[in-house]
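Structure assessment
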Amino acid sequence: MTWLADTRTSYDTVASSYADFVSDALSSQPHMKAALTLFASEVDGPAVDVGCGPGQFTAFLASLGVEASGIDLSPAMIDLARREHPGQRFEVGSMTDLPLPDASMAGVLAFWSLIHVPDDEVPVALGHFRRVLRPDGLLVIGYHVGVGSRLKTEGYGGHPMRVHVHLRQPWWLAKRVRAAGFSVEAEWALNPENTVSQAILFARVAGED
């Protein structure tokens, strides 16, 4: 798929600059840190950070006692994550073909990694999240709130990129999360007064009827 190849190449290109850009994400955004802390407190077993980038969120979860690993589409990002966090496990992989066994995870974190996935592929990714989660497993998604998408051709130090950034309405994402077999438990709005705001959705594998 072209969008997958473009995303991989783009983040390989900007890996080091991106790592610098997000290095203070937790210290500068306390609500994001609180969301990860809540995730850690609710997960009883292994968890995977899908779209882990340079691995800072994975490492933070591990510092809270979570058996956390990371998966990212970009080999350069995974190389960075392994170098910066040698105690963690990081692998190259795609959320649309998640390389994990069924019911092997207690938690899935997808922090701003669905933003480059086209609308028609979002249910595929959510289906893999559901597949790899155990009964009562927790899913947490961070995303940009809005309507439409834009083509990003440059970023993180001025390096060339070619990725579409998709903005979603909370109702749109929640509807697809429920359709994938989850119950939506909560949603946090972040910086809602910004032109492009953000949100974090908390969902749990729905019980069997």
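Described in the following lines is the structure provided in the data block. (Residues numbered from 1 in each chain as written. Predicted model: local features only at pLDDT ≥ 70, side-chain atom pairs only at ≥ 80, totals over all residues. Heavy atoms only, no water.)

**Some words on the packing of aromatic side chains**
Applying the stated rule across the entire model yields 6 aromatic pairs. Each ring, one from Tyr18 and one from Tyr156, has its centre 5.0 Å from the other, and the planes form 90°; the classification is edge-to-face. Here Tyr18 is found in helix H1 (residues 2–21), whereas its partner Tyr156 is found in the loop between strand S6 (148–155) and strand S7 (159–167), with 138 residues between them in sequence. Ring geometry for Phe57 and Phe111: centres 5.3 Å apart, planes at 85°, overall edge-to-face. In this pair, Phe57 is assigned in helix H4 (residues 56–63) and Phe111 in strand S4 (residues 105–111), connecting sequence segments 54 residues apart. Taking the relative accessible area as the measure of exposure, Phe57 reaches 10% and is therefore buried. By relative accessible area, which is 4% here, Phe111 ends up buried. An aromatic cluster is defined as three or more aromatic residues linked by ring pairs; in this entry it consists of Tyr11, Tyr18, Phe21 and Tyr156. The ring of Tyr156 has Lys152 lying over it, and the distance from NZ or CZ to the ring centre is 5.0 Å. (Phe/Tyr/Trp six-rings, centres within 6.5 Å; stacked < 30°, edge-to-face > 60°. Helix = DSSP H or I, 4+ residues; strand = E, 2+ residues; numbered from the N terminus. Buried < 20%, exposed > 50% of the residue type's maximum accessible area, 1.4 Å probe, protein only. Lys NZ or Arg CZ within 6 Å of the ring centre and 35° of its normal.)

**A closer look at the pairing of S4**
Burial runs high along S4: 7 of the 7 residues are buried. Here 6 bridges tie S4 to strand S5 (residues 133–145), and the two strands are oriented parallel to one another. The residue bridging Phe111 from the neighbouring strand is Gly142, located in S5. Where the polypeptide runs from S4 across helix H6 (residues 122–132) and back to S5, its parallel neighbour, the crossover connection is right-handed. (Pairing = 2+ DSSP bridges. Right-handed = clockwise from strand over helix to strand, strands pointing away.)

**Focus on the sheet that holds strand S9 (residues 197–205)**
Strand order across the open sheet formed by 7 strands is S3-S2-S1-S4-S5-S9-S8, with mixed pairing between neighbours. Of all the strands in the sheet, the pair left with one neighbour each is strand S3 (89–92) and strand S8 (182–190). For this sheet the average axis-to-axis angle between neighbouring strands, irrespective of direction, equals 15°. Contacts from H6 reach strand S1 (47–50), S4, S5, S8 and S9, with the element oriented near 150° to S5. (Axes fitted to C-alpha atoms, helices over the stretch in contact; angles between N-to-C directions. Contact = heavy atoms within 4.5 Å.)

**Overview of unusual backbone geometry**
If you check the backbone angles, Ala103 has positive phi at about 50° while not being a glycine. One can find Ala103 in the loop between S3 and S4. Given the relative accessible area of 42%, Ala103 is considered partly exposed. With phi around 70°, Asp136 is a residue other than glycine that occupies positive phi space. One can find Asp136 in strand S5.

**Regarding the pattern of salt bridges**
Counted according to the given criterion, the structure contains 7 salt bridges. Two residues, Asp119 and Arg168, come together in a salt bridge whose shortest N-O distance is 2.7 Å. Highlighted residues: Asp119 in the loop between S4 and H6 and Arg168 in the loop between S7 and helix H7 (170–179), separated in sequence by 49 residues. Overall, Asp119 belongs to the partly exposed group, its relative accessible area being 40%. Close ionic contact of Arg204 with Asp136 constitutes a salt bridge, the shortest N to O distance being 3.9 Å. Taken as a pair, Arg204 in strand S9 and Asp136 in strand S5 lie far apart in primary sequence, 68 residues in all. In this structure Arg204 comes out as buried when scored by relative accessible area, which is 11%. Here the residues in one salt-bridge network are Glu42, Asp136, Glu185 and Arg204, joined through shared partners. (Salt bridge = Lys/Arg side-chain N within 4 Å of Asp/Glu carboxyl O.)

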